[in-house]
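A look at the structure
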Amino acid sequence: MTLHADYDPDNIFAKILRGDMPSVKVYEDEIALAFMDVFPQSEGHTLVVPKHVQARNFLDMPTLKLGAYMERVQTVARAVEKAMTPDGVVVTQFNGAPAGQTVFHLHFHIIPRWKDKGLAGHAAGQMADMGELQAIADKIRAKLG
Ligand code: 5GP
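All values derive from a computational prediction rather than experimental measurement.

Further remarks concern helix H3 (residues 130-142). The end-to-end C-alpha distance of H3 is 18 Å, a good match for the 18 Å that 13 residues give at a rise of 1.5 Å each. Turning to H3, its buried residues are Leu-133, Ile-136, Ala-137 and Ile-140. All buried residues of H3 fall inside an arc of 105° around its axis, so they share one side. Each element contacted by the buried residues of H3 is listed here: strand E1 (25-28), strand E2 (32-36), strand E3 (46-50) and helix H2 (63-84). The distance from a side-chain oxygen at the start of H3 to the backbone nitrogen of Gly-131 is 3.0 Å, and the residue carrying that oxygen is Asp-129.

One non-glycine residue, His-52, lies in positive phi territory at about 60°. Within the secondary structure, His-52 is located in the loop between E3 and H2. Given a relative accessible area of 57%, His-52 falls into the exposed group. The backbone of Thr-85 shows a phi angle near 40°, a positive value even though the residue is not glycine.

What follows is about the site of the ligand. Residues in contact with the ligand amount to 19 residues; listed here are only the nearest, Asp-37, Thr-102, Val-103, His-109 and His-122. The side chain of His-109 places a nitrogen or oxygen atom 2.8 Å from an oxygen atom of the ligand. Coverage of the ligand by the protein chains reaches 94% of its 520 Å² of free accessible surface. The element best represented in the shell around the ligand is helix H1 (residues 12-18), accounting for three residues.

Parameters at a glance
Residues numbered from 1 in each chain as written. Predicted model: local features only at pLDDT ≥ 70, side-chain atom pairs only at ≥ 80, totals over all residues. Heavy atoms only, no water. Helix = DSSP H or I, 4+ residues; strand = E, 2+ residues; numbered from the N terminus. Expected span 1.5 Å × (residues − 1). Buried < 20%, exposed > 50% of the residue type's maximum accessible area, 1.4 Å probe, protein only. Arc of directions from axis to C-beta. Contact = heavy atoms within 4.5 Å. Polar contact = N/O pair within 3.5 Å; in protein donor to acceptor, adjacent residues only side chain to side chain. Near = heavy atom within 4 Å. Areas by Shrake-Rupley, 256 points an atom, 1.4 Å probe, with all protein chains shown as cover.

Spelled out as structure tokens, the structure:
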């Protein structure tokens, strides 16, 4: 998938947004949906996806919609930090397959980091246990301000 291509309305996150695929939700309003990454790179790895846009990546995102969306990214990142009490938090996103992007609907990753713990691979490895993801999502949701 090149950096510039048509938006695929059947990408995984579009299906999650439509409710056609399940997700372990953390936060939802009219602007964004946040849910747990099913291949978490660390405990608490959360994704924040903008709603009502056909933006494959950050470059595509309508500028006027960016501010409200980034507010939600920060809201969720703060809740993840409070819930997981990591030593650091990575907030990142990738644009285009050569940059590491694997799902082509804009999303920010919120990835807690601990000094003594490594990171699992990106979009790889074993799918997380849904019960464990739900318990983490509950903890994060409880810290949403
Ligand atoms: P990207 O590579 O596009 O930056 O990130 C896509 C992320 O989506 C990866 O971290 C991957 O683990 C995650 N992912 C892939 N498929 C699914 C899915 O069906 N559900 C959820 N919740 N996450 C997914």
